[in-house]
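Single-letter residue listing:
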Amino acid sequence: MTSARGGDPVRGGGGAPVRGGASGTPVRVGLFGLLGSGNLGNDGSLEAVLGYLRAEHPDAVVDALCGGPEAVTTRFGIPATRLHWNRAEYRTASRAGAIAAKGLGKLVDAVRTAAWVRRHDVVIVPGMGVLEATLPLRPWGFPYALFLLCASGRLLGTRVALVSVGAAEIGNRPTRALVRWSARLAAYRSYRDGPSRDAMRAMGVDTSRDEVYPDLAFSLPAPPASEPAASSESTPSRPRGPVCLGVMDFHGGNDDRARADEIHRRYLDGTIRFVRTLVEEDRPVRLLTGDQCDTAVVAAILHAVDSPLVTAAEPASLADLMKEMAAADTVVAVRYHNLICALKTGTPVLALCYATKSEALMAEMGLGAYCHPAREVDADRLIEQFRALEQRSAELRRTLVERNVTAARRGRHQFAALTAALFPAADRARADVHTQTDVHTDAHDLRETQ
């Protein structure tokens, strides 16, 4: 079945077709965001929502408006349109012609976004930190694009859902205003942690009906559980096997632009010292990325620490990251979705935190004591925390089994709530049936992780 007003129907799952209304046509669902742009966490969030649509709404007609349409179509098999008319949107414009092109692009994008939104019954923004500016962000980039989406949805009667998104209070006034109005205009909002909901309330959004659920990546399948590959010198209290190090091309956030180089240098120097210490203890170190831009940090570490014990992977998905982390004794990571991958596989992880979201995630999963500031990396303190984490490895693995069962159950509640909020009433009964089976599924999940 194909629709001239959307993409191709999502395949998979069983059950009755999802119909858009009296005409009996399939629901047209759009997916929106910086998807297919090289960030594994963003694409993992898209994968989770596509899995939900394939299982619960297999006849929905799905396409995307995104940053990397070619990559999205190739990997996920859905039609996709480029988010910005101006292909140089995220490059710094200095010449008059480039500045004019950016200005024209803003007008063209307003028309393009409205035309795309009009072709859909529902638009889903799948997770991601779309309501935050914890990393460098200009107001007329993605915040403006999100505002165009939500405003178009409100004007044209298309339901826009911000699903399990991240948020943080924003100081920059234009960015703050765009983000606040985007949230207000959305038909549905849920957040991936309590601090995100608190931040939107502080910025003037009525969050009284908004719920908190785990990040969408927690609904992705995890690789089979495996025993840590510890060396012959391991003891029950101190692993001695491989360590995964998730790196990031980190220069601070929006408020750190004046000292971005200093922050990056301190982060990189501290990370290199940490890797050298592990190598001196004969620990294999596996370097992992979460975005294409992180490869420069990998290259810098490999150049600084010339040892066969230090190797680098080239993950193409969160599944690849989870496979690497499941085979490790311990993980140290910066990026939010690298942390989730470690937690989901039950591998103890030490977080280098640059935002409240990481601290909230670690606390929720029972590892709140194992956070270190990414802006002020102290190699000696980092090594001390790492050793303390490894001393409690067995205990923390048991904790993560329990917390993952809870996260999986709450993730199913998120999708049931999404069905009830966005799709026809005939589908709600099916969501209720799935909710009633949660207790049986939870027991199965717990058995599988033991």
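Refer to the structure presented above.
Please read these numbers as outputs of a predicted model, since none were measured by experiment.

1. Quick look at the pattern of salt bridges
Here comes step 1: Summed over all chains, the structure comprises 20 salt bridges.
Here comes step 2: Between Glu390 and Arg283 there is a salt bridge, and its shortest N-O distance comes to 2.8 Å. Of this pair, Glu390 sits in helix α12 (residues 379–391) while Arg283 sits in the loop between α7 (260–280) and β10 (285–288), and the two are 107 residues apart along the sequence.
Here comes step 3: Assessed through its relative accessible area of 0%, Arg283 is described here as buried.
Here comes step 4: Here Arg335 and Asp294 are joined by a salt bridge, their closest N and O atoms 2.7 Å apart. Taken together, the residues span a long stretch of sequence, with Arg335 in the loop between β12 (330–333) and α10 (336–344) and Asp294 in the loop between β10 and α8 (295–304) at a distance of 41 residues. Both residues of the pair, Arg335 and Asp294, count as buried.

2. Looking at the nonpolar core
Here comes step 1: Formed by 123 residues in total, the largest nonpolar core has its most connected members in Leu31, Phe32, Leu131 and Leu146.
Here comes step 2: Element by element, the count of residues in this core is highest for α7, at 8 residues.
Here comes step 3: Sequence-distant contacts of Leu146, that is, excluding residues within four places in its chain, are made with Phe32, Val125, Val130, Leu131, Leu162 and Ser182.

3. Brief notes about α8
Quick reminder: α-helices carry 3.6 residues per turn. Residues three or four places apart thus point the same way.
Here comes step 1: Within the span of α8, buried status applies to Val297, Val298 and Ile301. What you see down the axis of α8 is that its buried residues fit within an arc of 100°, all on one side.
Here comes step 2: The inward-facing, buried residues of α8 abut β9 (243–246), α7, β10 and β11 (310–312).

4. Notes on helix α6 (residues 194–202)
Here comes step 1: Taken together, the buried positions of α6 are Ser196, Ala199 and Met200. Along the axis of α6, the buried residues cluster in a sector spanning 95°; they form a single face.
Here comes step 2: Buried residues along α6 sit in contact with β6 (159–165), α5 (173–185) and β7 (188–191).
Here comes step 3: In the segment just after α6, Gly204 is the residue with positive phi, at about 95°.

5. Considering the pairing of strand β2 (residues 28–33)
Here comes step 1: Taken across its 6 residues, β2 has 6 buried, putting it largely inside the fold.
Here comes step 2: Of the two faces of β2, the one holding Arg28, Gly30 and Phe32 and the one holding Val29, Leu31 and Gly33 are both buried throughout.
Here comes step 3: Sheet topology places β2 next to strand β3 (residues 61–66); 6 bridges connect them, and they run parallel. By the bridge assignment, Gly30 is partnered in β3 with Asp63.

Rules used in this analysis
- Residues numbered from 1 in each chain as written.
- Predicted model: local features only at pLDDT ≥ 70, side-chain atom pairs only at ≥ 80, totals over all residues.
- Heavy atoms only, no water.
- Salt bridge = Lys/Arg side-chain N within 4 Å of Asp/Glu carboxyl O.
- Helix = DSSP H or I, 4+ residues; strand = E, 2+ residues; numbered from the N terminus.
- Buried < 20%, exposed > 50% of the residue type's maximum accessible area, 1.4 Å probe, protein only.
- Core = buried A, V, L, I, M, F, W, Y, C linked by side-chain atoms within 4.5 Å.
- Contact = heavy atoms within 4.5 Å.
- Arc of directions from axis to C-beta.
- Pairing = 2+ DSSP bridges.

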